Structure formats: C-alpha cells, structure tokens
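Below are the chains, spelled out letter by letter.
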Amino acid sequence: MAKISLIVNGNPVTANVDPRTLLVQFLRENLRLTGTHVGCDTSQCGACVVHLDGKAVKSCTTLAVMADGHEVKTIEGLAADGAPLHPMQEAFREHHGLQCGFCTPGMIMTAIDIVHRKGHELDDHTIREELEGNLCRCTGYQNIVTSISAGAKAMAKSDLA
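All of the points below concern the structure found in this document. (Residues numbered from 1 in each chain as written. Predicted model: local features only at pLDDT ≥ 70, side-chain atom pairs only at ≥ 80, totals over all residues. Heavy atoms only, no water.)

## What about the environment of Asp124?
Working step 1: If you trace the backbone, Asp124 turns up in helix α4 (residues 124-130).
Working step 2: Separated by 22 residues in sequence, Asp124 and Thr146 place their C-alpha atoms 7.9 Å apart.
Working step 3: In contact with Asp124, other than residues within four places in its own chain, are Gln142 and Val145. (Helix = DSSP H or I, 4+ residues; strand = E, 2+ residues; numbered from the N terminus. Contact = heavy atoms within 4.5 Å.)

## Some words on the sheet that holds strand β4 (residues 55-58)
Strand pairs in the sheet, formed through backbone hydrogen bonds, run parallel or antiparallel to each other.
Working step 1: Read across the sheet, five strands follow the order β2-β1-β5-β3-β4 without closing on themselves; strand pairing throughout is mixed. One side of each edge strand has no neighbouring strand; the edge strands of this open sheet are β2 (11-17) and β4. On average, adjacent strands in this sheet sit at an angle of 40° to one another, irrespective of strand direction.
Working step 2: Here strand β3 (residues 49-52) pairs with strand β5 (residues 71-73) via two bridges, running antiparallel. In the strand pairing of β5, Leu52 is matched with Val72.
Working step 3: Seen against the sheet, helix α1 (residues 23-30) touches β1 (2-8), β2, β3 and β5 and runs at an angle of roughly 105° to β2.
Working step 4: Across the sheet, helix α3 (residues 104-118) touches β3, β4 and β5, and the angle it forms with β3 is around 40°. (Pairing = 2+ DSSP bridges. Axes fitted to C-alpha atoms, helices over the stretch in contact; angles between N-to-C directions.)

## Describing the nonpolar core
The nonpolar side chains of soluble globular proteins are, as a tendency, buried together.
Working step 1: Grouped together as the largest cluster of nonpolar side chains are 22 residues, with contacts concentrated most on Met88 and Ile148.
Working step 2: Put simply, the parts of the chain that give this core at least two residues each are α2 (87-94), α3 and α5 (142-156).
Working step 3: The element contributing the most residues to this core is α3, with seven residues.
Working step 4: Excluding anything up to four places from it in sequence, Ile148 contacts Met88, Phe92, Ala111, Leu122, Ile127 and Leu131.
Working step 5: Core analysis: the second largest hydrophobic core is formed by 15 residues, Val17, Leu23, Phe26 and Val50 among them. (Core = buried A, V, L, I, M, F, W, Y, C linked by side-chain atoms within 4.5 Å. Buried < 20%, exposed > 50% of the residue type's maximum accessible area, 1.4 Å probe, protein only.)

Next up, the structure:
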C-alpha cells in the first residue's frame with residue numbers, strides 16, 4: 001500500500017491505496033465522487049476528465065499515487081451545494097449540450113481547460129479540434145460546441161471561472 005495525501009475539491013484527503021489504483025477508481029470508489037465516469041478504460045472517450053493542478057487529465061490512465069501532493073478538481077467541485085452552477089455547467093444546461101449526460105462531466109471539465117488555455121473567444125473549429133479526445137454518442141456535438149462557446153464567454157464575466 002502507498003500513502004497519498006492530496007486536495008480533492010478543496011478538501012484535504014489522506015488514504016492508503018494500492019499503487020496500481022487508478023485516479024478514477026480512487027475518486028469513485030474511495031471518495032464516492034461518482035460524477036467522474038469510466039467510459040472506456042483506454043483514454044479514448046474523455047468521460048473521466050478531471051483537473052490535476054488546474055490541467056485536464058484523463059483519470060482512467062492516471063494513477064492515484066501520481067496525484068499525491070497535488071490538487072484534484074472533479075465535476076462535483078465546480079459548484080458547492082446550493083450555490084449557482086459554474087458558468088460552463090449553466091451553459092450546457094441552457095444550450096442543451098447534453099442528452100444522456102454520461103459524457104457531460106468530462107466534456108465540462110475539458111471545456112473549462114480549453115478556456116483556460118485558449119481564452120474566452122473560441123471559434124467552432126477550435127472547440128471541435130480541442131474536443132478530439134472526448135466522445136459523445138448522443139448529441140452530434142453541435143449543442144456541445146454552442147455550449148462551450150457560450151460558457152467561455154460567461155466565464156469571462158464570472159468570478160467562478
């Protein structure tokens with residue numbers, strides 16, 4: 001077993017884990033943060049995207065021990081209970097950027113990372129290129145692209161960004 005200490009959604013966490021434990025398993029099974037989904041186990045679909053020290057990573061191919069000493073943010077950490085949604089979450093709701101919702105947490109976490117790296121004025125081509133590692137089997141992507149564009153603009157006006 002390996003002892004890890006990290007910050008998850010602003011809360012300090014210490015645990016003993018098997019060194020082979022994936023970050024997604026640790027989040028879902030140990031911490032019961034089930035918003036991070038497992039869609040493929042091969043880093044192809046993006047349903048498991050979380051932020052590690054502010055950068056998007058696929059938690060299905062990241063070991064929990066690699067997060068030791070770092071900060072992890074999951075979809076559950078974007079908006080506190082009873083607080084307004086993060087602007088990107090609100091944009092997905094408002095612009096119908098989801099259907100079944102399975103890919104949505106990973107899409108939103110990826111979208112926020114795109115905004116942090118590329119800025120608040122995103123064209124459709126850039127958004128589509130940046131979403132290359134995230135799959136949705138329901139929407140056809142147009143509403144996701146529209147949601148990300150709107151969310152990026154809303155983040156520029158928000159202190160939650």
